[in-house]
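Chains, contacts and geometry: an overview
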Amino acid sequence: MNGTELLIQGINELEIQITDQQVAQFLKYYEMLVEINKVMNLTSIVDFNDVITKHFIDSLLSVKTVDMEKFQTMIDVGTGAGFPGIPLKIVFPHLNVTLLDSLNKRLLFLNDVIKELKLKDICTVHGRAEDLGKNQNYREKFDICVSRAVANLSTLSEYCIPFISEGGKFISYKSEFSEEEKNSAEKAIDILGGKIEKRDIVKLPYTNINRSFIVIHKIKQTPDKYPRKAGMPLKKPLK
C-alpha cells in the first residue's frame with residue numbers, strides 16, 4: 001500500500017475515523033518536516049512510510065490506553081518536532097494544546113506548521129520544564145500531559161506532573177520500561193502528587209515495535225518545591 005493508505009488504515013486500526021482534511025494536514029506536515037530537516041536535524045526518520053508509522057501513528061497510540069475525548073487541555077513536554085502533540089491535535093481538534101520545548105528554532109518550525117495546517121487552539125512555549133512548571137500560568141493548568149521525551153521516569157515525572165491539575169493524567173511514551181525503572185520511580189511519583197495507574201504495552205501497527213505507556217494519575221497537588229531548579233531532575237532524580 002502507498003503511504004497515504006498506510007496512514008488511513010493505520011489510524012483506522014486505532015479505531016479512529018479520519019477525514020480527508022485531516023489526511024491532507026498529515027501529508028503537509030510530512031512535507032514541511034522533511035524540508036526543514038535538510039537544514040535542522042529534527043528527526044533521523046525521513047522515509048514517508050516510516051514517518052507515518054514511527055511518528056504519526058506512534059503519536060496516536062496513546063488512544064489505546066486513555067480516552068482523549070475526556071480531556072480538554074493538553075501539554076506536550078519536550079515536543080521536539082511536534083510529537084505526539086500535533087498528530088493528537090489533528091485527530092482530536094477539540095483539544096487545547098500547548099507544545100513546550102527548550103529549543104526555540106524547533107518552535108519556530110512548529111509555528112509554521114500550525115499556521116500552514118490552520119490549527120486552532122494550539123500554541124508553542126519556549127522554556128525549560130523546570131522553569132515553566134513553577135510558572136503560575138502553566139502550573140497545574142492541564143488535564144493531561146504527554147511526552148515522548150527520552151529520560152528515566154523519575155526525571156520525566158518531575159518535569160511533567162507539576163503541569164497537571166488534580167485528577168488529570170500524565171502519559172509517558174516509553175520504548176522500553178523495566179520493572180526496576182518502575183520501582184525506582186514510584187516514590188518520586190508519590191512525592192510529586194501522582195500514582196501509577198497502569199502500564200500498557202501496545203503494538204505499533206505494521207511493525208514489530210512495542211510501545212509502553214505509563215499512565216500516572218494526579219491525586220494531589222505537587223509540593224511547591226517541585227520541580228527543582230533546571231538540571232536537577234536529570235542529574236539527581238528523586239528516589
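Strand order in the open sheet formed by seven strands is S3-S2-S1-S4-S5-S7-S6, and the pairing between neighbours is mixed. Each end of this open sheet is capped by a strand with a single partner; those strands are strand S3 (122-126) and strand S6 (194-203). The mean inter-strand angle of the sheet, taken between neighbouring strand axes irrespective of direction, is 20°. Pairing of strand S5 (residues 164-174) with strand S7 (residues 210-218), which is carried by six bridges, proceeds in the antiparallel orientation. Paired with lysine 169 across the bridge in S7 is histidine 217. Across the sheet, helix H5 (residues 104-116) is in contact with strand S2 (96-101) and S3; its angle to S3 comes to roughly 170°. Packing of helix H7 (residues 153-160) onto the sheet brings it into contact with strand S1 (73-77), strand S4 (142-147), S5, S6 and S7, and relative to S5 it is tilted by some 140°.

For side chains of opposite charge, pairing can occur when their charged atoms come near one another. Tallied over the entire structure, the rule returns 12 salt bridges. Between glutamate 35 and lysine 38 there is a salt bridge, and its shortest N-O distance comes to 3.2 Å. Looking at glutamate 35, the relative accessible area reads 48%, which means it is partly exposed. Since its relative accessible area comes to 64%, lysine 38 is described here as exposed. Here aspartate 200 makes a salt bridge to lysine 198, at a shortest N to O gap of 3.5 Å.

What follows covers helix H1 (residues 3-13). Within the span of H1, buried status applies to Gly3, Leu6, Leu7, Gly10 and Ile11. Looking straight down H1, one finds its buried side chains confined to an arc of 115°; they lie on one side. Structurally, the start of H1 carries an N-cap: the backbone nitrogen of threonine 4 is 3.1 Å from a side-chain oxygen of asparagine 2. Once H1 finishes, glutamate 15 follows within two positions and takes phi at roughly 65°, a positive value.

A few words now on the nonpolar core. Grouped together as the largest cluster of nonpolar side chains are 51 residues, with contacts concentrated most on Phe26, Tyr29, Phe56, Met68 and Ile86. Here this core takes six residues from helix H2 (residues 20-36), the largest share from any one element. Excluding residues within four positions of it along the chain, tyrosine 29 makes contact with Phe56, Ala81, Gly82, Phe83, Ile86, Pro87, Ile90, Phe109, Val113 and Leu117. Core analysis: the second largest hydrophobic core is formed by 27 residues, Val77, Leu153, Phe170 and Leu192 among them.

The next subject is the pairing of S1. Most of S1 sits out of view: four of its five residues are buried. Looking at chain direction, S1 and S2 are connected through five bridges and run parallel. Its bridge partner being in S2, threonine 73 is matched across the sheet by asparagine 96. Between the parallel elements S1 and S2, the chain passes through helix H4 (residues 85-91) in a crossover that is right-handed. In the sheet, S1 pairs with S4 via three bridges, with the strands oriented parallel. Across the sheet, the residue bridging to isoleucine 75 is cysteine 145, located in S4.

Each value, and the rule that gives it
- For every chain, the first residue of the written sequence is number 1, and numbering continues from 1 along that sequence.
- Owing to the predicted nature of the model, reporting of local features is limited to residues with pLDDT of at least 70; listing and counting of side-chain atom pairs is limited to 80 or more, with chain, interface and lining totals taken over all residues.
- Side-chain metrics in this entry use all non-hydrogen atoms of the structure; hydrogen atoms and water are not considered.
- Strand pairing follows a simple DSSP-based rule, namely that at least 2 bridges must link the two strands.
- By the criteria applied, helices consist of DSSP H or I runs no shorter than four residues and strands consist of E runs no shorter than two, each listed in order from the N terminus.
- Each axis is a line fitted through C-alpha atoms, taken for helices only over the stretch in contact, and angles between the N-to-C directions span 0 to 180 degrees.
- We call two residues in contact whenever any of their non-hydrogen atoms come within 4.5 Å of each other.
- Salt bridges are defined by distance alone: a side-chain nitrogen of Lys or Arg within 4 Å of a carboxyl oxygen of Asp or Glu.
- Each residue is assigned to one of three classes by its accessible area relative to the maximum for its type, calculated with a 1.4 Å probe on protein chains only: buried under 20%, partly exposed between the two thresholds, exposed over 50%.
- This arc describes the spread of directions from the helix axis toward the C-beta atoms.
- Between N or O atoms, a polar contact is any pair within 3.5 Å; within protein, one atom must be a potential hydrogen donor and the other a potential acceptor, and residues adjacent in sequence are included only when both atoms are from side chains.
- In this description, a nonpolar core means a group of buried Ala, Val, Leu, Ile, Met, Phe, Trp, Tyr and Cys residues linked to one another through side-chain atoms lying within 4.5 Å.
- The path from the first strand over the helix to the second decides the hand: if it runs clockwise while the strands point away from the viewer, the crossover is right-handed.

The quantities given are spatial measurements derived from coordinates; they are silent on function.
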